[in-house]
Amino acid sequence: MESSILTDKQKQQWSIDGYILLKGVLSAGESGNLKREVDRLHRRYVLNKAGVDPKSGLDRRNILPDSDAFIHLMDHPALFDVVLELMGPYIQLSMAEAVVRPPNPGYRGFIHTDGGQALRHIRVTETSWPLQIKIQYFLTDVTKPDRGNFTLFPGSHLRPYPEGDVPITAQTPGAVQLCAEAGDAAVFSHALWHGVSPNLSRRSRKTLIYCYSQQCFRTFDFNGHTPEVLERCTPRQRRLLGDLGRDWRPGAYFYSPEDQVEIIEQRSEVA
Ligand SMILES: O=C(O)CCC(=O)C(=O)O
């Protein structure tokens, strides 16, 4: 990609802090529609189950089969060019998750890095493509701390974070609880320590989390996709889901296919 989508200030924040908060990337109509889809999943997979605590939240992975709106979001025009600018074109979608975090007084929140034991030990330089990024789309307003805020430790993607016996929480010095409105999105790098604050409000916080990784990695949420999902996708979306245009064979991911840049950098199409 030749021109930059990100401003100098955003690029600087990405390098130094390891995240950026993008304001108003989804229209009110889009975020409202996605929130309704998340509410539908919440009812279907949690609240409508016999004997469930009505205050239960939702943490549903691999949501692409559940709605075309979730498929469309994987290369949404407002965000996908940012993904390409940060990561380059040799990428795949690694996860798509819907989260509802209900009020939870007494909960301390949690902080972690993604990718288990290994990924937190890999800290790339400021000028490197990241191994992975995540986008958190906010579908409800979270305008004050302790409302189930997405919480992060700026700069922790560049240095070993002190781990010890004291649990790291949203109250640990250095933690930033992001305040955001429905339609905003936070983009963050793979080794950034992050998590969620307690929700002391009376409203559930609702978000969608999409993760992209370099194509030579394993995906987190998917082990292949059904023809039913792939038929609903554009060629670019299918490529993001691992359809390389050829059958898997040893070495299939050693290099990306020759048409990778052409397929991935085309403008978004609506499926
Ligand atoms: O719900 C949250 O904000 C936490 C998200 C998170 O921990 C993650 O994306 O790994």
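Placed above this text is the structure.
Below is a summary of the structure that appears in this document. Residues take numbers from 1 onward in each chain, read along the sequence in its written order. It should be noted that, the model being predicted, local features are given only for residues of pLDDT at least 70 and side-chain atom pairs only at 80 or more, the latter also being counted only at that level, while totals for whole chains, interfaces and linings use all residues. Side-chain descriptors were evaluated using all non-hydrogen atoms of the structure, hydrogens and water having been removed beforehand.

### Let's talk about the overall build of the chain
Stage number 1. We count a stretch as a helix when DSSP gives it H or I for four or more residues in a row; a strand needs E for two or more, and each element gets its number in order from the N terminus. When its secondary structure is counted, the chain shows eight helices and ten strands.
Stage number 2. Relative to a compact globule of 271 residues, whose C-alpha radius of gyration would be 18 Å, the chain shows 18 Å and is just as compact.
Stage number 3. Seen along its three principal axes, the alpha-carbon backbone of the chain occupies a region of about 55 × 45 × 35 Å.
Stage number 4. Partly exposed residues are those whose accessible area sits between 20% and 50% of the maximum for their type, while under 20% is buried and over 50% is exposed, using a 1.4 Å probe and protein chains only. Put simply, the chain has 271 residues, and 49% of those count as buried.
Stage number 5. Counting only contacts in the chain whose residues sit at least 6 apart along the sequence, the fraction spanning at least 24 positions is 85%.
Stage number 6. Counting every atom, the chain has about 13,500 Å² of accessible surface; 51% of that belongs to carbon and sulfur.
Stage number 7. Neither His nor the chain ends contribute to the count of charged residues, in which Lys and Arg are positive and Asp and Glu negative. Charged side chains are reduced to one point each, which is NZ for Lys, CZ for Arg, CG for Asp and CD for Glu. Side chains of the chain carry 32 positive and 32 negative charges; the gap between the two charge centres is 8 Å. Our radius of gyration looks at C-alpha atoms and nothing else; its globule reference is 2.2 Å times the residue count to the power 0.38. Here, two residues are considered to be in contact whenever any of their heavy atoms come within 4.5 Å of each other. The Shrake-Rupley method, run with a 1.4 Å probe, gives the accessible areas here. Residue values count only the displayed protein chains as cover.

### Quick word on the site of the ligand
Stage number 1. Around the ligand lies a shell of 13 residues, among which Arg 101, His 112, Lys 134, His 194 and Arg 205 are the nearest.
Stage number 2. Counting of polar contacts relies on pairs of N or O atoms within 3.5 Å, with two restrictions inside protein: one atom must be capable of donating a hydrogen and the other of accepting it, and residues adjacent in sequence are counted only when both atoms are side-chain atoms. Here an oxygen atom of the ligand and a side-chain polar atom of Gln 136 are 3.1 Å apart.
Stage number 3. A pocket, in this scheme, is an open set of points on a 1 Å grid over the protein atoms alone with protein on both sides within 12 Å along at least 5 of 7 lines, while a cavity is a set where a 1.4 Å probe fits but cannot get out; residues line either one if an atom lies within 4 Å of a point. By definition, a pocket or cavity contains a molecule when more than half of the molecule's atoms lie within 2 Å of the pocket's grid points. Taking a 2 Å distance to the grid points as the criterion, the majority of the atoms of the ligand fall inside the second largest pocket.
Stage number 4. Elements with a minimum of two residues in the shell around the ligand: β4 (110-112), β5 (132-138), β9 (194-196) and β10 (205-214).
Stage number 5. The biggest single contributor to the shell around the ligand is β9, with three residues.
Stage number 6. Taken together, the residues of the shell around the ligand sort by class into five nonpolar, four polar and four charged. We call a residue near a molecule or strand as soon as one heavy atom of that residue lies within 4 Å of the molecule or strand. Each residue receives one of three labels: charged for Asp, Glu, Lys and Arg, nonpolar for Ala, Val, Leu, Ile, Met, Phe, Trp, Tyr, Cys and Pro, and polar for the others, Gly being one of them.

### A look at the layout of surface pockets
Stage number 1. Put simply, the largest pocket is a space of about 460 Å³.
Stage number 2. Around the largest pocket sit 21 residues that line it, and Thr 219, Asn 223, Gly 224, Gly 242 and Tyr 253 are the ones nearest its centre.
Stage number 3. For the lining of the largest pocket, the residue count by class is ten nonpolar, seven polar and four charged.
Stage number 4. Grid points are joined across faces, edges and corners, and a volume is the space filled by probe spheres set on the points. Roughly 270 Å³ of internal volume is contained in the second largest pocket.
Stage number 5. Glu 97, Arg 101, His 112, Lys 134 and Ile 209 are the residues nearest the centre of the second largest pocket, which is lined by 20 residues in total.
Stage number 6. Where the lining of the second largest pocket is concerned, the elements lending two or more residues are β2 (58-61), β3 (91-101), β4, β5, β9 and β10.
Stage number 7. With four residues, the single largest contributor to the lining of the second largest pocket is β3.
Stage number 8. Across the lining of the second largest pocket, the residue classes break down as eight nonpolar, five polar and seven charged.

### Considerations on the nonpolar core
Stage number 1. Ranked by internal contacts, the top residues of the largest apolar core, which has 45 residues, are Leu 64, Met 74, Leu 93, Leu 208, Tyr 210 and Tyr 212.
Stage number 2. Only β1 (19-22), α2 (28-47), α3 (68-73), α4 (77-87), β3, β5, β8 (185-189) and β10 provide two or more residues apiece to this core.
Stage number 3. In terms of residue count, α4 provides more of this core than any other element does, seven residues in total.
Stage number 4. Sequence-distant contacts of Leu 208, that is, excluding residues within four places in its chain, are made with Leu 34, Val 38, Ile 63, Phe 70, Leu 73, Glu 97, Ala 98, Ile 135, Gln 136, Tyr 137 and Leu 139.
Stage number 5. Each nonpolar core is a collection of buried residues, namely Ala, Val, Leu, Ile, Met, Phe, Trp, Tyr and Cys, held together in the definition by side-chain atoms within 4.5 Å. Phe 150, Leu 178, Ala 180 and Leu 192 belong to the second-largest nonpolar core, a separate cluster that totals ten residues.

### As for the packing of aromatic side chains
Stage number 1. What counts as a ring pair is set by centres within 6.5 Å for rings of Phe, Tyr and Trp (its six-membered ring), and what kind of pair is set by the plane angle: stacked under 30 degrees, edge-to-face over 60, tilted for all other angles. Following the criterion strictly, the structure yields five aromatic pairs and no others.
Stage number 2. Look at Tyr 90 and Trp 129: their rings are 6.3 Å apart centre to centre, the planes differ by 50 degrees, and that puts the pair in the tilted class. Remark: Trp 129 occurs in the loop between α5 (116-119) and β5 and Tyr 90 occurs in the loop between α4 and β3; sequence separation between them is 39 residues.
Stage number 3. Exposure remark for Tyr 90: the relative accessible area of 35% places this residue in the partly exposed category.
Stage number 4. One Lys or Arg, Arg 60, reaches over the ring of Tyr 45 and ends 3.5 Å from the middle of that ring. The rule is short: NZ of Lys or CZ of Arg within 6 Å of the ring centre and within 35 degrees of the ring normal puts a charge over the ring.

### A look at the pattern of salt bridges
Stage number 1. By convention in these notes, a salt bridge is any Lys or Arg side-chain nitrogen within 4 Å of a carboxyl oxygen on Asp or Glu. Counted according to the given criterion, the structure contains 13 salt bridges.
Stage number 2. Measuring nitrogen to oxygen at the nearest pair gives 2.8 Å for the salt bridge that ties Asp 39 to Lys 206. Residue Asp 39 is located in helix α2, and its partner Lys 206 is located in strand β10; the two are separated by 167 residues in the primary sequence. Grouping residues by exposure puts Asp 39 and Lys 206 together as buried.
Stage number 3. When salt bridges with common partners are traced through the structure, they connect Lys 23, Glu 181 and Asp 184 into a single cluster.

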